[in-house]
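# A structural walkthrough
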Amino acid sequence: MMIIKLCEKSYNCKVLLLKYFGSRIYLGDNQIVIKICPENSRSLEEFQQEVRIHTDCQNHPNICKLYDSGIWKNENGETFYIFVMEWGNLGDLRDYRASKMSADSIHEDDEIKNLIRQMTESVAHVHKMGYYHNDIKPENFIIVQKDDASPQVRLIDFECASKNNQPVIVSEIMTFCMRPPEAIISIIKKQRSAILPKADIYSLGITIIYFILHINVFSQSVRNLINQLIERLNLFEPYKFPEYQGIILNGKKKNSPLTADILANLDKDLVSLLRNMMENDVEKRFNIDDVMKHKYFEKVS
């Protein structure tokens, strides 16, 4: 057992739950999660910004609670950034889906629809508070269930989050396979561009598809930017985007994982919603208010 002391509080780290990119996540007493990040994983300014944004946004039922944060030195003199947070006792969206349904099933019952609504409301709240999350993906939604209550979604991980007027370098944030086409284009053109709120909408669409269909829409393993762009432009419709011809030179056409048969078996309102969330033209893509007002959510109790 490891004991972490932040100011006047001490936390017992009992079980290592996850290790990624140098960070470790432990289960502490009272069902809290303690995220321990090496000092070299981010700057002090980035740590402080993450804490500030998370704190600003957490007054919402679908945002993970941040109970404490600080800087800790272990017995070897190594420095770590510490986050003490709410525990998702049912895991993240991937864990929850795996526990509830088979890998090849389509799942659209009332509980799933309600969780999708909660996911959407969490992103809407972040945008309302003047921030973009910039890393929407299945791993960043945890599921909490207390006693016999219904499962609830919590949005986590504000490491990549930014103010809505803060320029960011696209290539340095957002999980690779969750990026919208405009993010891929800006990397190809070597542009420094501000992330738009509609990037979160696109990533949320990918996350919803995964949750319902267990399909990873875009390949994490394909690092060729041209092919990544082709995947996005071919998702719902045949390849017909002449405005991108100056960028797409030798890219090969790739069949969408969303076949006509799969789309035919989905709720028609859901397909309409996803098409608008993942519209390639940023100007035409739904913003978060459009998403919340869509008739798909009229069916959600």
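See the structure printed just above.
I will try to describe carefully the structure that is included in this document. Nothing here was measured: the structure is a model prediction, and the numbers come from that model.

## A few points about the sheet that holds strand β6 (residues 79-86)
Taken in spatial order, the 6 strands of this open sheet run β1-β2-β3-β4-β6-β5, and their pairing is antiparallel. Since the sheet does not close on itself, it has two edges, and those belong to β1 (2-6) and β5 (66-73), each with one partner. Taking the axes of each pair of neighbouring strands and ignoring which way they run, one obtains an average angle of 35° across the sheet. In terms of strand pairing, strand β3 (residues 23-28) meets strand β4 (residues 32-38) through 4 bridges, oriented antiparallel. If you follow Ile25 over to β4, its bridge partner there is Lys35. Sitting on the sheet, helix α1 (residues 44-57) touches β4, β5 and β6, and the angle it makes with β5 is about 165°.

## Let's talk about the pairing of strand β8 (residues 141-144)
Regular strands place side chains that alternate from one sheet face to the opposite one. Side chains Phe141 and Ile143 of β8 all project onto a buried face; the interleaved residues Ile142 and Val144 project onto the opposite face, where all are buried too. With 4 bridges connecting them, β8 and strand β9 (residues 152-155) associate as antiparallel partners. Across the sheet, the residue bridging to Ile142 is Arg154, located in β9.

## Brief notes about the nonpolar core
The biggest cluster of nonpolar side chains holds 51 residues, and the ones touching the most others in it are Phe141, Ile208 and Met278. Mapped by element, the contributors of at least two residues to this core are α1, α2 (93-100), α3 (110-128), β8, β9, α5 (197-213), α8 (268-277) and α9 (288-293). By residue number, the principal contributor to this core is α5, which donates 9 residues. When residues no more than four places from it in sequence are discounted, the contact partners of Phe141 are Gly91, Asp92, Leu93, Met119, Ser122, Val123, Ile136, Val153, Arg154, Leu155, Leu204 and Thr207. With 13 residues, the next largest nonpolar core counts Val33, Phe47, Ile142 and Ile156 among its residues.

## What about helix α4 (residues 181-188)?
Of all the 8 residues making up α4, 6 are buried; the element is thus mostly covered by neighbouring parts of the structure. Buried residues of α4: Pro181, Ala183, Ile184, Ile185, Ser186 and Ile187, and no others. Contacts made by the buried residues of α4 are with α5 and α6 (225-233).

## Considering the environment of Trp87
For Trp87, the location among the structural elements is in the loop between β6 and α2. Filtering out sequence-adjacent residues up to four positions away, Trp87 remains in contact with Leu17, Leu27, Gln31, Ile32, Val33, Ile142 and Val144.

## Concerning α5
The end-to-end C-alpha distance of α5 is 25 Å, a good match for the 24 Å that 17 residues give at a rise of 1.5 Å each. For α5, the tally of buried residues reaches 16 of 17 residues, placing the bulk of the element in the interior. The positive-phi residue at the C-terminal boundary of α5 is His214, with phi of around 60°.

## A short note on the packing of α5 against α8
Across the interface, α5 lies against α8 with an axial gap of 8 Å and an inter-helix angle of 145°. When the axes of α5 and α8 are compared, the crossing they make is left-handed. Together, Ile201, Tyr202, Leu204, Gly205, Ile208, Ile209 and Ile212 of α5 and Leu270, Leu274 and Met277 of α8 make up the contact between the two elements. Among the residues forming the contact of α5 with α8, the class breakdown is 9 nonpolar, 1 polar and no charged.

## Topic: the environment of Met119
Among the structural elements, Met119 can be located in helix α3. By relative accessible area, Met119 is classed as buried at 0%. Linking Met119 and Phe141, residues 22 residues apart in sequence, is a C-alpha distance of 7.5 Å. Dropping the residues within four chain positions of it, Met119 is found in contact with Leu93, Phe141, Val153, Leu204, Thr207, Ile208 and Phe211.

Rules of the game
- Residues numbered from 1 in each chain as written.
- Predicted model: local features only at pLDDT ≥ 70, side-chain atom pairs only at ≥ 80, totals over all residues.
- Heavy atoms only, no water.
- Pairing = 2+ DSSP bridges.
- Helix = DSSP H or I, 4+ residues; strand = E, 2+ residues; numbered from the N terminus.
- Axes fitted to C-alpha atoms, helices over the stretch in contact; angles between N-to-C directions.
- Contact = heavy atoms within 4.5 Å.
- Buried < 20%, exposed > 50% of the residue type's maximum accessible area, 1.4 Å probe, protein only.
- Core = buried A, V, L, I, M, F, W, Y, C linked by side-chain atoms within 4.5 Å.
- Expected span 1.5 Å × (residues − 1).
- Left-handed = near helix turned anticlockwise from the far one by under 90°.
- Nonpolar A, V, L, I, M, F, W, Y, C, P; charged D, E, K, R; others polar.

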